[in-house]
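The chain contents come next:
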Amino acid sequence: MDMQKIGAFLSELRKEKNLTQNELGEQIGVTNKTISRWENGNYLPPVEMLQILSEFYDVSINEILNGERINDRDYKNVSEENVKYALNRSNVIIHKHKKIMSWIIAIVVALIYIVISLISQKWQYTWIVWVVYCTYRIVESIINHLLHIHVKSK
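Residues numbered from 1 in each chain as written. Predicted model: local features only at pLDDT ≥ 70, side-chain atom pairs only at ≥ 80, totals over all residues. Heavy atoms only, no water.

## A short note on unusual backbone geometry
You will see that Asn18, though not glycine, has its phi angle at about 55°, which is positive. Turning to its location among the elements, Asn18 is positioned in the loop between helix H1 (3-16) and helix H2 (21-28). Assessed through its relative accessible area of 67%, Asn18 is described here as exposed. With a phi angle near 60°, Asp58 is a residue other than glycine that sits in the positive phi range. By the element assignment, Asp58 lies in the loop between helix H4 (47-57) and helix H5 (61-66). (Helix = DSSP H or I, 4+ residues; strand = E, 2+ residues; numbered from the N terminus. Buried < 20%, exposed > 50% of the residue type's maximum accessible area, 1.4 Å probe, protein only.)

Here you go:
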């Protein structure tokens, strides 16, 4: 997906309706700065805004994401490419969140180890390692479950 191309297309659609960025923003419930960011290709409108823009401009979401009108012959291929891009982007985001969560879990586990050691006044690690390992696995599976539910709901 070419953000600049999408932005230019959104700008073109707005101008076809003889609207300023401010007027469009008022009609769809966002600021003119938000419209400007979309049209400059700095940001992609969120899904709910893509739907609103699609209906407002009488174009498909695929056409917006493609940055141009799509003829019937090419529609299937463009749709497939847009879906592939969205899935790849989702996988990147999920992987990034999993990495962050792994670091958070590791830090929490280390803190639990330190707290247990300080409370027990024993630095013997065998039983503590098992407790910490089990805690890590439980927290990891809860987070993976929550991420899976979050992705499904979108």
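## Re the pattern of salt bridges
For the structure on display, the rule yields one salt bridge. Here Arg14 ties to Glu39 by a salt bridge, and the two come within 2.6 Å at their closest N and O atoms. Here Arg14 is found in helix H1, whereas its partner Glu39 is found in helix H3 (residues 32-39), with 25 residues between them in sequence. Here the two residues Arg14 and Glu39 agree in accessibility, since each one is buried. (Salt bridge = Lys/Arg side-chain N within 4 Å of Asp/Glu carboxyl O.)

## A short note on the packing of aromatic side chains
How two aromatic rings sit relative to each other is set out by the distance from centre to centre and by the angle between their planes. Under the defined criterion, the tally for this structure stands at one aromatic pair. Aromatic pair Phe56 and Tyr57: ring centres 5.3 Å apart, planes at 75°, arrangement edge-to-face. Of note, Lys17 hangs over the ring of Phe56, and the distance from its end group to the ring centre comes to 4.9 Å. (Phe/Tyr/Trp six-rings, centres within 6.5 Å; stacked < 30°, edge-to-face > 60°. Lys NZ or Arg CZ within 6 Å of the ring centre and 35° of its normal.)

## Re the packing of H2 against H3
Packing of H2 against H3 leaves a shortest axis separation of 8 Å and a crossing angle of 110°. On the basis of their axis angle, the class for H2 and H3 is roughly perpendicular. Residue-level inspection shows Gln21, Asn22, Leu24, Gly25 and Ile28 of H2 in contact with H3, the latter providing Asn32, Ile35, Ser36, Trp38 and Glu39. Of the residues assigned to the contact of H2 with H3, the class counts are four nonpolar, five polar and one charged. (Axes fitted to C-alpha atoms, helices over the stretch in contact; angles between N-to-C directions. Parallel < 35°, antiparallel > 145°, perpendicular 65-115°, else oblique. Contact = heavy atoms within 4.5 Å. Nonpolar A, V, L, I, M, F, W, Y, C, P; charged D, E, K, R; others polar.)

## Overview of the nonpolar core
Membership of the largest hydrophobic core comes to 16 residues, with the highest contact counts inside it found for Leu10, Ile28, Trp38, Leu53, Tyr57 and Ile64. Of all the secondary-structure elements, those providing two or more residues to this core are H1, H2, H3, H4 and H5. Ignoring any residue separated from it by four or fewer positions in sequence, one finds Ile28 in contact with Ile35, Trp38, Met49, Ile52, Leu53 and Phe56. One finds Val109, Val132, Ile143 and Leu147 within the second-largest nonpolar core, a separate group that totals five residues. (Core = buried A, V, L, I, M, F, W, Y, C linked by side-chain atoms within 4.5 Å.)

## Topic: H3
Every buried residue of H3 is listed here: Ile35, Trp38 and Glu39. Down the axis of H3, the smallest arc covering the buried residues is 95°, so these residues share one side. Packing partners of the buried residues in H3 comprise H1, H2 and H4. Positive backbone phi, at 80°, marks Gly41, one or two positions downstream of H3. (Arc of directions from axis to C-beta.)

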